[in-house]
Amino acid sequence: MDLKTLWFILITVLFIGFFFLEGFDYGVGMLLPFLGKRDEERRAILNAIGPFWDGNEVWMITAGGALFASFPQWYATLFSGFYIPLVLILLALIFRGVGFEFRSQEEGEGWRNAWDWLIWLGSLLPALLWGVAIANIVRGVPIDENMHYVGGFFNLLNPYALIGGITFVVLFLMHGATYLALKLTNGLEKQAERIANRTWVATLVMAVIFILYSFPEVFAKSQYEGLALVFIAIAVVALLVDGYFLKKGEMLKAFWAGGVTILGVTAGFFASLYPNVMPSSLNPQYSLTINNASASHTTLTVMTIVALVLVPIVLVYQGWTYYTFRQRISTKDELTY
Amino acid sequence: MDPLILARWQFAILTIIHFFFVPLTLGISIFLAILETAYVKTGKQVYRDAVKFWAKVFLINFALGVVSGIVQEFQFGLNWSEYARFMGDIFGAPLAVEALLAFYLESTFIGVWIFGWDKVSPKVHATVIWLTAIGSNLSAIWILIANSFMQHPIGYTMGENGVLMQNFGQVATNPNVLYQFPHVFFAGMSTAAFVVIGLSAYLYLQKRGDKAMLDLSVRWATIYGLIGVILVMTVGHFQGQFLVEEQPSKMAAAEALWHSEQPADFSLFAIPNEATQTNALEIKIPKFLSFLSYNDFTSKVEGIDEVQAAMETKYGPGDYIPPVGITYWSFRLMVYAGGLMLLLLLYLWYLNSKGISLDQKPGFAKALVWSILLPYLAVSTGWIMAEVGRQPWVVYGLLKTQKGVSPASVVGGGEVLFSLLSLGIVYIVLTYVGVKLVIKHLHSAPAQTPAAAD
């Protein structure tokens, strides 16, 4: 396997890590004002992701940095082209990150309420807009012969992309609710379980629509349709298994099944992209591919060594933090956030 | 509206505000790690109290640094896509290493540190703050490696569409970063010291807070700050000598030296006039610039005229001199702020050694509260000098800033204006809220005597 393909896979892996970990963080943020009725309930919800959200968010940062390093043209075209959605994501993440830290530092009800809704919006927008972005990338956008995106903002809000965005939102809601069912107590975990079951239905409906819509829009045009569909099939089976465990109340198994769903969807859509990285809807000749968008062999070699050494170490210490904070969060605990 | 001008303002404003938070994180994380280590070694409660008290300030600052840092990573794609294409092969790698090596480390362990006081043993807890501090400072190293390439490109070859990595080892050990990182590191120590000292002084004046904890904090921060300020100046001096050789256009502008001089005088004060290429109201120390640049009182220092001529020969016709007034004054403000910080710390050190507490010196304590602004002035003007002084280049000698901006057909002026205003306003509002929360934290400290509480 050549390094460009390896890096395409590594970028996929980073996005899987990002959607898996931030997926439940975003879900928790979107559930915060609804699942938490009283202040101590909301605090328990926030503390359930308190020790982890920052480390989880680094998966997004690393995906962005690795994109820059391994496929600079992809990074440049994507983020200059999808300008407004990216700025909205950044604004959302600012409010969300600061909100976690600031929210419980003042007593006032108005203050805390305002931050709770900012955290809600700060979780909803990235979930929606990353879905919109990924759907647009795989479907293809207007890119000219100089690798410049020329579609404007509203072109990004096409029905296919919006369905992709909504699918991400409900999938992450389900993932977050499942996570909270594992991390909370005092009855909140039961409520989270009910929400997980309900959002599972919504996820199934949206996933079916999105996947069927993807056949003409994406898969039929893909060079690796077979591989993509294998991953999509894995995602669908995992989602059905997820539903089975959710119904039985076996939340840990449901959580992992949801994780496999996220993995399958992400891998499936990235596989459908290969060897393109940003197909042009104007002319296939203008598409960004792993060849014309990638960094030099020297840079990819350096980056390969760095990534293969460091990613396993990161997984070990991040795993350790989940082990350290494995206990459920009670509303009666002394809460930090 | 011209997207280039807006994009430049945006990068300048957002980066300067981001860098309000960075040096404090760099310095105070290590300061807290030292205090917590002292707690683990001695078991004395006062160290733990100090860590807990300053942790709040650290975390408010850290959150603002993290969220503004995310924007930094994506700005190169948003407004500077052509820069990203030209530089991607060199710039992306250190950025990715920064994420993999440093961001994961600091962001994962800060979570353990915040939430882990009663979940892990004191030893592990102290280790965790060290890992956070190391992560933050490693992140500074890698982003400065990337910036150093822009200041002093080495380890590359020219490809068709931009620079190509030739030798990663050379890129990572760029001589520029060997000055720049220690300069930033010691600036971080100095910033942390002034924040701890200034906020402690505020508490003395308010007669609030645990006095033993404050005395300890001030004593330790004085030493910490002295080490930081003395070394940031020392490194800065050698960094200046390096720049005289490697980026003469920056240093000539920073000295407002319009014509070559031998020996060259050092300008203490001047109002540079770019139209007439002269300085008004200038105060000078004879021959001192020769000494600062070359360690003797006789050497010739190249002036703006000679540098411009040499660069025209090398790169063709054009204006190769950065804005002289801004570069000159940002340099001077940085140095003067640093000098003042050194004097304040020396006097404080003298008071400490005599056993005189700050509550006996209310006037000086007040001055220390206001002097919290000095390190922020110094780091901001330092970066303005580094970045404005590199103009018209974004990558010195290789790519002009105007060539790096995203094409107007992709990113229009309206879009840049939208992001500039929205992010700018949010940064300013949140910075204000952060400062308010710090002040509230200070006021939540218990009053020292019942009488003072009235």
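Quick look at the structure, then. This structure is a prediction, so every number in the text was calculated from the model and none was measured.

Below, the discussion takes up the overall build of chain B. Scanning chain B from terminus to terminus reveals 16 helices and six strands. For chain B, the C-alpha radius of gyration of 23 Å lies close to 22 Å, the compact-globule estimate for 454 residues. Dimensions of chain B, computed from C-alpha atoms along their principal axes, come out at roughly 70 × 50 × 40 Å. Relative to its 454 residues, chain B shows a buried fraction of 59%. Long-range contacts, defined as pairs at least 24 residues apart, comprise 78% of the intrachain contacts of chain B with a sequence gap of at least 6. Carbon together with sulfur atoms contributes 67% to the accessible area of chain B, which is approximately 17500 Å² in total.

Quick look at the interface of chain A and chain B now. Contact with chain A, which involves 66 residues of that partner, is made by 69 residues of chain B. The three residues of chain A that bury the most area against chain B are Phe-68, Tyr-83 and Gln-105 of chain A, which together make up 11% of that side's buried surface. For the interface between chain A and chain B, the tally reads one salt bridge. Linking Glu-106 of chain A and Lys-440 of chain B is a salt bridge whose minimum nitrogen-to-oxygen distance equals 3.9 Å. Our count for the chain A to chain B interface comes out at 16 residue pairs in polar contact (both at pLDDT 80 or more). At the level of elements, helix H3 (53-70), helix H4 (72-81), helix H5 (83-102), helix H6 (109-139) and helix H11 (297-324) of chain A are the ones that each hand at least two residues to the side of chain A that touches chain B. Partitioned by chemical class, the residues of the side of chain A that touches chain B number 41 nonpolar, 21 polar and four charged.

Enumeration over the complete set of coordinates arrives at 22 salt bridges over all chains. The partner of Arg-38 of chain A in a salt bridge is Glu-40 of chain A, with the nearest N and O atoms 2.3 Å apart. Take Glu-40 of chain A: its relative accessible area is 31%, and that puts it in the partly exposed class. In this structure, the salt-bridge partner of Asp-359 of chain B is Lys-211 of chain B, at a minimum N-O distance of 3.6 Å. Of this pair, Asp-359 of chain B sits in the loop between helix H11 (324-353) and helix H12 (362-370) while Lys-211 of chain B sits in helix H7 (residues 211-246), and the two are 148 residues apart along the sequence. Classification of Asp-359 of chain B by relative accessible area gives partly exposed; the value is 30%. You can call Lys-211 of chain B partly exposed: its relative accessible area is 29%. Members of the salt-bridge network, linked through shared partners, are Asp-39, Arg-42, Arg-103, Glu-107, Arg-112 and Asp-116 of chain A.

Here we take up the side chain of Asp-25 of chain A. Looking at the element boundaries, Asp-25 of chain A is found in helix H1 (residues 3-35). Setting aside anything within four residues of it in sequence, one finds Asp-25 of chain A in contact with Ile-49, Trp-53, Asn-56, Arg-96 and Ser-123 of chain A.

We now examine the nonpolar core. Formed by 272 residues in total, the largest nonpolar core has its most connected members in Trp-74 and Leu-180 of chain A together with Trp-54 and Tyr-83 of chain B. Among the elements that make up this core, the one with the highest residue count is helix H3 (residues 81-115) of chain B (21 residues). The contact partners of Trp-74 of chain A, leaving out residues within four places of it in the chain, are Phe-8, Ile-11, Leu-67, Phe-270, Leu-273, Val-277, Met-278, Leu-288 and Ala-293 of chain A. Residues Trp-258, Val-307, Ile-321 and Tyr-396 of chain B belong to the second largest nonpolar core, which totals 14 residues.

Residues and elements named next belong to chain B. Where helix H6 (residues 175-206) meets H12, the closest approach of the two axes is 8 Å, and the angle between their N-to-C directions is 140°. In terms of orientation, H6 and H12 fall into the oblique class. As for the relative orientation of H6 and H12, their crossing is left-handed in sense. Every residue of H12 that contacts H6 at Ile-197, Gly-198, Ala-201, Tyr-202 and Leu-205 is listed here: Pro-362, Ala-365, Lys-366, Leu-368 and Val-369. Of the residues assigned to the contact of H6 with H12, the class counts are eight nonpolar, one polar and one charged.

This brings us to the environment of Met-1 of chain A. Residue and element names in this part refer to chain A. For Met-1, the position within the fold is in the segment before H1. For Met-1, a relative accessible area of 73% puts it in the exposed group. The residues touching Met-1, leaving out its near neighbours within four places in the chain, are Leu-6 and Ile-9.

Residue and element names in this part refer to chain B. Note: strand S3 (residues 266-273) against strand S4 (residues 278-285), six bridges, orientation antiparallel. Note that in S4 the partner of Asn-273 across the bridge is Thr-278. Counted between consecutive antiparallel strands, the loop separating S3 from S4 contains four residues, among which Gln-277 sits at a positive phi close to 55°.

Enumeration according to the criterion identifies 76 aromatic pairs over all chains in this entry. On the numbers, 5.8 Å between centres and 45° between planes, the contact of Phe-11 of chain B with Phe-76 of chain B is tilted. With Phe-11 of chain B in helix H1 (residues 3-42) and Phe-76 of chain B in helix H2 (residues 45-78), this pair connects stretches of sequence that are 65 residues apart. Given a relative accessible area of 8%, Phe-76 of chain B falls into the buried group. Directly above the aromatic system of Tyr-323 of chain A lies the positively charged group of Arg-326 of chain A, at a separation of 4.0 Å from the ring centroid. Stacked on the ring of Tyr-328 of chain B, the Lys or Arg Arg-332 of chain B has its end atom at 4.0 Å from the ring centre.

Within H4 of chain A, ten of the ten residues are buried, leaving the element largely enclosed by the surrounding structure. Regarding H4 of chain A, the residues found buried are Pro-72, Gln-73, Trp-74, Tyr-75, Ala-76, Thr-77, Leu-78, Phe-79, Ser-80 and Gly-81 of chain A.

All names here are of chain B. Among the structural elements, Ser-330 can be located in helix H11. The buried category is assigned to Ser-330, whose relative accessible area is 4%. A distance of 2.8 Å separates a polar side-chain atom of Ser-330 from the backbone oxygen of Ile-326.

All names here are of chain B. A contiguous nonpolar patch, built from Ile-223, Ile-227, Ile-230, Leu-231, Leu-340, Leu-343, Leu-346 and Trp-349 and spanning about 710 Å² of accessible area, is present on the exposed surface. Sorting the residues of the nonpolar patch by element identifies H7 and H11 as the ones contributing at least two each. In this structure, Ile-227 sits in helix H7.

It is worth spelling out unusual backbone geometry at this point. In this structure, the amide linkage connecting Tyr-274 of chain A to the following residue, Pro-275 of chain A, adopts the cis form with an omega of 0°. Position of Pro-275 of chain A among the secondary structure elements: in the loop between helix H10 (251-273) and strand S1 (276-278). In this structure, Pro-392 of chain B follows Gln-391 of chain B across a cis peptide bond, with omega equal to 5°. In this structure, Lys-207 of chain B is a non-glycine residue whose phi angle is positive, near 55°. Checked against the element boundaries, Lys-207 of chain B lands in the loop between H6 and H7. You can call Lys-207 of chain B partly exposed: its relative accessible area is 41%. Positive phi is not limited to glycine here, since Lys-287 of chain B has a value of about 65°. Look at Lys-287 of chain B and you get partly exposed, because its relative accessible area is 41%.

Reading guide: rules and limits
Residues numbered from 1 in each chain as written. Chains lettered and ligands numbered in written order. Predicted model: local features only at pLDDT ≥ 70, side-chain atom pairs only at ≥ 80, totals over all residues. Heavy atoms only, no water. Helix = DSSP H or I, 4+ residues; strand = E, 2+ residues; numbered from the N terminus. Rg over C-alpha atoms; globule rule 2.2 N^0.38 Å. Buried < 20%, exposed > 50% of the residue type's maximum accessible area, 1.4 Å probe, protein only. Contact = heavy atoms within 4.5 Å. Areas by Shrake-Rupley, 256 points an atom, 1.4 Å probe, with all protein chains shown as cover. Buried area = accessible area lost by both parts, 1.4 Å probe. Salt bridge = Lys/Arg side-chain N within 4 Å of Asp/Glu carboxyl O. Polar contact = N/O pair within 3.5 Å; in protein donor to acceptor, adjacent residues only side chain to side chain. Nonpolar A, V, L, I, M, F, W, Y, C, P; charged D, E, K, R; others polar. Core = buried A, V, L, I, M, F, W, Y, C linked by side-chain atoms within 4.5 Å. Axes fitted to C-alpha atoms, helices over the stretch in contact; angles between N-to-C directions. Parallel < 35°, antiparallel > 145°, perpendicular 65-115°, else oblique. Left-handed = near helix turned anticlockwise from the far one by under 90°. Pairing = 2+ DSSP bridges. Phe/Tyr/Trp six-rings, centres within 6.5 Å; stacked < 30°, edge-to-face > 60°. Lys NZ or Arg CZ within 6 Å of the ring centre and 35° of its normal. Patch = residues over 30% accessible without salt bridge, like charges linked within 9 Å, V, L, I, M, F, W, Y side chains within 5 Å.

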